Amino acid sequence: MDDWDFVDPDDLSNWKGACICMTCQHFSYGVDRHCRTILGCTVRRRQLPQGDHLIKRCRLWAPTWQQQVGWAPEVS
């Protein structure tokens, strides 16, 4: 993810509610070589600017499948 470009700001829109980037099935995060958190969208293969994952979403937003199925890894 470190070498990905950033998402175009026109692709994200402000949103109030639970349907934000952080709750999207395609949201991912990692750490760069300086131990800074990198946020990204695996579908677009682009990074999200810091903070946008909490207040924005795009038209590709999809609910996480774990919530739909009820998967809980700590139970197994």
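The structure under discussion appears in the preceding block.
In this text, all values refer to a predicted model and were calculated from it rather than measured experimentally.

A. Layout of the nonpolar core. Counting eight residues, the largest nonpolar core is built from Val7, Leu12, Cys21, Cys24, Phe27, Leu39, Leu48 and Cys58. Not counting residues up to four positions away in its chain, the partners in contact with Val7 are Leu12, Arg44, Arg46, Gln47 and Leu48.

B. Local environment of the side chain of His53. Summarising the element assignment, His53 is placed in helix α1 (residues 52-55). Once residues lying within four places of it in the same chain are set aside, the contact partners of His53 are Ile20, Cys21, Met22, Phe27, Leu39 and Leu48.

C. Here's a closer look at the sheet that holds strand β2 (residues 27-31). Taking strand neighbours across the sheet as the criterion, the three strands line up as β2-β3-β4 in an open arrangement whose pairing is antiparallel. Two strands bound the open sheet, and with one partner strand each, they are β2 and β4 (46-48). Averaged over all adjacent pairs, the angle separating strand axes in this sheet is 45°, with direction ignored.

D. View of the packing of aromatic side chains. Overall, the coordinates contain zero aromatic pairs when judged by the stated rule. A cation over an aromatic ring shows up here: Arg57 above the ring of Trp15, its NZ or CZ 3.7 Å from the ring centre.

E. Up close: the pairing of strand β3 (residues 37-41). By the criterion of burial, β3 is predominantly enclosed, with four of the five residues buried. Alignment of β2 against β3, held across five bridges, turns out to be antiparallel. Residue Tyr29 lies in a different strand from β3, and its bridge partner there is Leu39. Connecting the antiparallel pair β2 and β3 is a turn made up of five residues, with Cys35 showing a positive phi of about 65°. Inspection of the sheet shows β3 paired to β4 by three bridges, in the antiparallel sense. Its bridge partner being in β4, Cys41 is matched across the sheet by Arg46. Between β3 and β4, which pair antiparallel in sequence order, lie four residues; one of them, Arg45, sits at a positive phi of approximately 55°.

F. Expanded view of the pattern of salt bridges. Overall, the coordinates contain three salt bridges when judged by the stated rule. When the shortest N-O distance is used, the salt bridge between Arg44 and Asp11 registers 3.3 Å. In this pair, Arg44 is assigned in the loop between β3 and β4 and Asp11 in the segment before β1 (13-14), connecting sequence segments 33 residues apart. Across the salt bridge formed by Asp32 and Arg36, the nearest N and O atoms sit 3.0 Å from each other.

So, how was this worked out
Once a new chain begins, its residue numbering starts again from 1 and follows that chain's sequence as written. With the structure being a predicted model, the display of local features is reserved for residues of pLDDT at least 70 and the display and counting of side-chain atom pairs for 80 or more, all residues being used for whole-chain, interface and lining totals. Excluding hydrogens and water, the side-chain figures rest on all heavy atoms present in the structure. Working definition of a nonpolar core: buried Ala, Val, Leu, Ile, Met, Phe, Trp, Tyr and Cys residues. They are joined through side-chain atoms within 4.5 Å. A 1.4 Å probe rolled over the protein chains alone gives each residue an accessible area, and that area as a share of the maximum for its type sets the label: buried under 20%, exposed over 50%, partly exposed in between. By definition in these notes, contact holds between two residues if any of their heavy atoms fall within 4.5 Å. Strands here are runs of E lasting at least two residues and helices are runs of H or I lasting at least four, both read from the DSSP assignment and numbered beginning at the N terminus. Strand pairing is assigned whenever DSSP identifies at least 2 bridges connecting the two strands. Each axis is a line fitted through C-alpha atoms, and for a helix only the stretch in contact is used; angles between axes span 0 to 180 degrees, taken between their N-to-C directions. Each aromatic pair joins two rings of Phe, Tyr and Trp (for Trp, the six-membered one) with centres within 6.5 Å, and gets the label stacked for planes under 30 degrees apart, edge-to-face for over 60, and tilted for any other angle. Charge-over-ring placement is defined geometrically: NZ (Lys) or CZ (Arg) within 6 Å of the ring centre, and within 35 degrees of the ring normal. Only one rule defines a salt bridge in this text: a Lys or Arg side-chain nitrogen within 4 Å of an Asp or Glu carboxyl oxygen.

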